[in-house]
Structures are given as C-alpha cells and as structure tokens.
Amino acid sequence: MEIIVLLKQVPSTESFIEIAEDEMSIKKDDIKFVINPYDEFAVEEAIRLKETHGGSVTILSAGTDKTVEAIRTALAMGADKGILINDPAIEGCDALGTARILAAVLKDTPFDLIIAGQRAVDDDNFQVGLAVAEFLSIPHISMVIKQEITDGKIRCQRTVEGGSVTLEARLPVLFTTQRGLNEPRYASLPGIMKAKKKPLDIKTLEDIGLDSEKAGKPMTKITAMKFPPERKEGKIIEGESAREKAAALVMALREEARVI
Amino acid sequence: MIFSETFEKEIMLNFDLTKEQEMIRKEVRRFAAKEIAPVAGDLDESEEFSVELTTKMGEIGLFGMFVSEEYEGQDMDYLSYIIAVEEIARVDGSQAATIAAGNSLGIGPIYYFGTKEQKKKYLPKLCTGEALWGFGLTEPTAGSDAGGSKTTAVLDGDEWVINGSKIFITNAACEMTMGVTVQAITGTRPSGKPEYTCFLVEQGTRGFKAVPMHKKMMWRASNTAELYFDDVRISKDSLLGEVGDGFHQMLKTLDNGRLSIGAMGLGGAQGAYEAALKYAKDRIQFGQPICKFQAVAFKLADCAVEIECARNLLYKACCLKDQNRAFEKEAAMSKLYCSEMMGRVVNHAVQIHGGYGLMKEYDVERFYRDQKLLDIGEGTSEIQRIVISRYIGC
Ligand SMILES: Cc1cc2nc3c(=O)[nH]c(=O)nc-3n(C[C@H](O)[C@H](O)[C@H](O)COP(=O)(O)OP(=O)(O)OC[C@H]3O[C@@H](n4cnc5c(N)ncnc54)[C@H](O)[C@@H]3O)c2cc1C
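Quantities reported herein were computed from a predicted structural model and do not represent experimental measurements.

The rules behind these values
- In this numbering scheme, every chain counts its residues from 1 along its sequence in written order.
- Chains carry letters from A onward and ligands carry numbers from 1 onward, assigned in written order.
- Note on the predicted model: pLDDT of at least 70 is required for a residue's local features to be given, and 80 or more for side-chain atom pairs to be given and counted; whole-chain, interface and lining totals, by contrast, use all residues.
- By the convention adopted here, residues make contact when the C-beta atoms placed from their backbones lie within 7 Å.
- Only Asp, Glu, Lys and Arg are considered charged in this grouping, and only Ala, Val, Leu, Ile, Met, Phe, Trp, Tyr, Cys and Pro are considered nonpolar; every other residue, Gly among them, is considered polar.
- Only strands that DSSP links by at least two bridges are regarded as paired with each other.
- Secondary structure follows DSSP: runs of H or I at least 4 residues long count as helices, runs of E at least 2 residues long count as strands, and numbering of each begins at the N terminus.
- Each axis is a line fitted through C-alpha atoms, taken for helices only over the stretch in contact, and angles between the N-to-C directions span 0 to 180 degrees.
- Any set of buried Ala, Val, Leu, Ile, Met, Phe, Trp, Tyr and Cys residues joined through C-beta atoms within 7 Å is what this text calls a nonpolar core.
- Here a residue counts as buried when 20 or more other C-beta atoms fall within 10 Å of its C-beta, as exposed when 12 or fewer do, and as partly exposed in between; the C-beta atoms come from the backbone.
- In this entry, domain limits derive from an automatic or database-based domain assignment.

Asks: Help me understand the interface of chain B and chain A, please; the structure alone is not making it clear to me.
Replies: Frequently, the measure chosen for interface size is the accessible area removed from exposure when the parts meet. Taken residue by residue, the interface counts 14 residues in chain B and 11 residues in chain A. Per-class residue counts for the side of chain B that touches chain A are 7 nonpolar, 2 polar and 5 charged.

Asks: Is there a simple way to explain the sheet that holds strand β8 (residues 146-150) of chain A in this structure?
Replies: Two orientations exist for strands paired in a sheet by backbone hydrogen bonds: parallel and antiparallel. All names here are of chain A. With respect to topology, 3 strands assemble into an open sheet ordered β8-β9-β10, the strand pairing being antiparallel. Both edges of this open sheet fall to β8 and β10 (163-170), since each of them pairs with a single strand only. Neighbour-to-neighbour, the strand axes of this sheet turn through a mean angle of 20 degrees, independent of strand direction. Inspection of the sheet shows β8 paired to strand β9 (residues 153-160) by 5 bridges, in the antiparallel sense. If you follow Q147 over to β9, its bridge partner there is C156.

Asks: Which parts of the structure should I look at to understand the nonpolar core?
Replies: As a rule of thumb, nonpolar side chains are buried together in soluble globular proteins. Core analysis: the largest hydrophobic core is formed by 181 residues, its most contacted members being V5 of chain A together with V85, F199, L314 and A349 of chain B. Broken down by element, this core gets its largest block of residues, 13 residues, from helix α9 (residues 328-353) of chain B. Those residues in contact with V85 of chain B that sit more than four places away from it in its chain are A96, I99, A100, S260, A263, M264 and G267 of chain B.

Asks: Which parts of the structure should I look at to understand the domain arrangement of chain B?
Replies: Residue and element names in this part refer to chain B. Once the domains are mapped, chain B shows domain 1 (2-132), domain 2 (134-246) and domain 3 (248-391). Placing a centre on the C-alpha atoms of domain 1 and another on those of domain 2 gives a separation of 25 Å. Listed as interface residues are 25 residues of domain 1 and, on the opposing side, 22 residues of domain 2. For the side of domain 1 that touches domain 2, the leading source of residues is helix α5 (residues 93-113), giving 11 residues. Of the residues in the side of domain 1 that touches domain 2, the class split is 11 nonpolar, 10 polar and 4 charged.

Asks: What am I meant to see in the pairing of strand β1 (residues 2-6) of chain A here?
Replies: Here is the key point about a regular strand: its side chains alternate between the two faces of the sheet. Residue and element names in this part refer to chain A. By the criterion of burial, β1 is predominantly enclosed, with 4 of the 5 residues buried. Two strands pair when backbone bridges link them, and β1 and strand β4 (residues 56-63) are joined in this way by 5 bridges, in the parallel orientation. Looking at the pairing, E2 lines up with S56 of β4. With 4 bridges connecting them, β1 and strand β6 (residues 113-117) associate as parallel partners. Bridging from a neighbouring strand, I3 pairs with L113 of β6.

In structure tokens:
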C-alpha cells in the first residue's frame, strides 16, 4: 500500500512565542520547530499500516530549508521517502494555496491512502487536508481515532458529541487524525542513521508545474495577530457557609463580571 | 592560490554538530523527558534498577552506538554516543550510569579486543539492550592502585581457574546481566610486576557469584555488584585478547570511559543549571524573582560559563578520538573538569533552591548526591591529575 503523509513543521509548543514588529506574524529566529503533533500521529499510523500491509510511506511537505529536519525525523521514525516543496512563495501561502500545491504533487504520485493532521497547531486552520481531498476528488474522513483497512476499503471511527460514528469508504481516501489514534514512537538512533540514506526530493513550484506567482498567492490575508488578554488575578470568595459564599458569588457574577 | 584556499578550510574550526547529531540530541532528550524524568525520583528512593527502563533505552538504540552494524550496533561516531549520555544525565545520573557503563565498560572491551566468535556471541544481545555486561577491575585492596590486585587465574589443562573477588562493579548483578569481563593476575613479568589478563565469565558459571551492593548515596537506581570467584573454571578461549594484554586493555578502556564520565558531568550540570535557572526566575523574595539579585544571577552566570567550557573540552576530546588522533590527555582533562565542574554547579543549584533544594521533591537534591561518584569512579580526580601531569611532562 502506498501511503502519503502530509506533514507541516510548526513552532514547538514549548517555545516562547513573540509577535513580530508587523503584528501579523510571529518572530521565528529563536524558536524551536517540531513536527506538527497531529501530523506525528499521521506518521505513526502510516508506519503501522506499512508494517501490517506492506508498501511504503512518503512524507510530503511544503516548507522551507528548515523543514528538512522535520521530514528527516519522520524518515528516522520509519517513513521511506520524503518530498519537500521548497519555494519562497510558500511563505505567504494561505491554507487553500498550500492544499493546491500539495495536490499538484499528488496528481502525479500514485497512492492508496493519504493521512494528514486534522490541523496544524500554529495556524489552526483545519483546512489543508480537507482541501487536498477536494482537489483530488477523493473521499475525506476527518478526525479519526481508529481505522481498519480490508479489501480495499477503510473503516474509520471518530467521536461525535456523546458517542462515536464509524464511516466507511473505498480507497483511495484521505483521513485526518485526532488525538487518541496512537502513541507516536521515538525516532530510534539506528533509524536516524538509516534516514540519512533515504531519498528526499526537494522541488520548487516550477518543478511541479505551478506558476509561483499564482499558486502561492493567498486568497485570505492575516491582518492582525494578538495574544489573548492577560488573565486578571482570580478572586476567592470568602464566607461562613456555602450558602453565604454562593450568594456572594452570584452577586459578583452579576455586579462585577456582569455575566448573569 | 588553490593551495592556500584548501589550507584555510582545513584549519577552520567548526563548532556545529551534524544534522544526525542534532537529531540524536533531540530524540534522546524527548525520550529522557518522557520516559525517565517521571520515574527517576522514585527509582532513586526505592534503590531500584529498572529492567523496563533499560529495555526501553535499548529499544531506541542507546547501547552499542559506536559498534558496527555487523554486531547490531548503530555504527555512529563517538561524539554521538557522548551526546546521548549527556542527554540522559541531564535528567538522571543512574540511568546515564547504566548506559555509560554498559557501553564503555561492558560492550567496549569485547568489541575492541574480543575475537570474532566472542563478538558474535555476546554483542548482538548487548547492543540491543537485551542484556548487560560488567567490567571487573576494582578489588577491595586495589582501587586506584591496580597493583594491589589479588584475583588470579591459573591455566589448568584446557581451563582457566579464577580465584578472588571484585567490588563496585556496575551492571554486574541484575536480572539482565549476561556476564563480566574480569581482570586477573596470570603471572609475573620480567620486570617483576604482575602480568594481567582479562577473561569473559558468563553469569551462572560454577563458583562465580555476583551480589548486588545496596545503601549507596548516589546512582541508587544503577546496579552495583560484588563479585566472588571461587575456583571458577572457564574454557581456554574465554580469554580476552592474549595472555598479558590485561593491563593495556584496562588503560584503553578507561581512556574511552573517561569521555562518558565527562558526559555525565556535563549533562548533570546542564540539568541542575536549568532547574536552578527556572527556579530562580519563579521564586519571589523581597518582591522580585531571586534571579534579579546579583548574588544569585552571578552564580548562574558562572554555571553557564563553566558548562560551555566543559562542553567544548569534552567535544574536542571526542572529535580527536573520532579522527583517530591522540585524545587520551584531553579525555583525562574532560573527565576531571566535567566531574568537578558539575560539583560546583550542583552546589550552586541547591543553594539557589534554598531549603527546597534539600528536599527529595526537587531533582537538584538527587543531582547533588549523584555528582560525587564522578569525582571517584573510573579513576579519582587525584588520579586524573596524576595522569594529566604525566602528559604535560611533570
Ligand atoms: C558506584 C560505583 C560504580 C563503580 N563501577 C565500577 C566498575 O564498573 N568497574 C570497576 O572496576 N570499578 C568500579 N568502581 C570502582 C571505582 O573505580 C573505584 O572506587 C575508584 O577507582 C577508586 O578506588 P577506591 O575506591 O579503592 O579508592 P582508593 O584508591 O582507595 O582511593 C582513596 C583516596 O585516595 C586517593 N589516592 C589513591 N592513590 C593516590 C595517589 N597515588 N595520589 C593521590 N591520591 C591518591 C584517591 O584519589 C582517593 O581520594 C565503581 C565505584 C562506584 C562507587
């Protein structure tokens, strides 16, 4: 089975994020980058599928020079090859633009299954996987917590309010991951050495037949970026009894917080 | 012109690690944070060697990093191995000890001096972390002074017969131990000095007993053993190298081992320093974080400087070794400096934590204890100074 994983490199959640001077982006100089956690589930699931069904796992990413690190990590985990679309135009892309670029690569790549993170934790767009499926005219199943493939069909489970649903579709399919799908493995040290010898194709937009002027052009634009307002200090309600405290709380909610 | 260009390139210093080395650091750090950090304090407290954790460390490839793939090793350079030890030590000294001793003392001598058959027999299991191997040098009467050794081996027909005992042997008496390399006296040299030879003794050999040692101050989750040899008979080919090679093998093994002890000092210092820096930013006294007091800030600045120096020295020693150049002097310097440097750093780290630093709830308490071994094991600080002073021509 040929499996493609869509992977994005994002700032590590442990990094200290600062908003840049332009107030529309973040400062990227001093931050550490990692594989988007939802994409890490995708890599793990793809490797497990390969281990049971055979085939190969290809990592596909649109990014910069730095993104090589993330792809190499996925290769060290056990993926077989990587494709990086590295083009200055990608920097300014919106979700739809990224999806268009990834889909353009996939038009010429054979695959049975595509796995993507439900969202990237930096931009939180929830769009790329979905749009890629749309561009390729294949079924899309979102936020999967369990999957099973038999006879060319995939059955996916996902949670819905108060329960779960099982969806079925004929391959090729694109599904996106939800927390709980699996526990990603570490890139083992022998894996890191083996990754060195695995193929990693780096291409520009032109190489994949896209016009960088048009393909990278965003249809949406970020106009402002702000931190959430700083939390005010909490207040502990004093009182002799629960009844007294409840009364004081209701009063505070009405008079001070004005929420009821 | 061309000549001078290449010449310029060759003498240029390069402080960057390779991509692979960076990845190793990142992955081992992630592993240590997730798998070791949550249990390190408890294992220390209960003085428990963890088979589970050792197996996991084996699974990600922490054993046999410098061994060729032929024997299930990872075929990496020595610096990669040292970075891995450093990252484990950043979180816990005991687990770093299991790794460092397992590699430098357990795997090393078999890999460097063993026959093909011996390597085939033992290394695959040791390199995958399924089993451990000890290196028995120290005896109750022979610590710094190997000349005080009493353990002997006598050839009797087709068998060697070993008698004697060893003390403080790491990884030698746990459920995973497969055997030990033991140094014994096999005769007298023409100079009148004893002739030493190393032997491979498997666990379970008749007359060989390995007993765990308890009540340690440090490395409490690492396995330390006393070994007893009572007419232990082993086959003629259980010898490591040739008769009389023992002393030379021991020196070579310790040269490598010094790098990994250095890595433990460096990593431990890094861990303690990071904990102290974080604490100093969070702890408020007199209305401000204590890191704003110059007395505290300067301690942290000193730690940062010393750690940087230690890392440069240790990596340089590894770099020399990886290029097959003489590294022995730098290895001794690294062992001495990294170990004692960690002592200064943990002292500051506990001081910065105040009373809390003396409580087991805080990791620096464990780091403070674990450091002391580094001044003593694999050649005391005094012995390192003797070695270095000889190298510089005193
Ligand atoms: C937890 C642990 C694990 C260990 N693991 C191993 C292992 O796996 N294999 C192994 O073989 N050994 C191991 N050792 C033993 C360790 O290497 C010895 O403890 C060490 O070499 C010191 O020997 P000693 O304890 O007998 O001290 P001694 O040699 O008795 O030294 C006592 C003091 O005298 C000083 N001294 C001695 N000679 C001189 C001199 N000429 N000039 C100046 N000062 C001197 C020393 O520096 C020290 O301060 C381990 C020890 C410990 C505690």
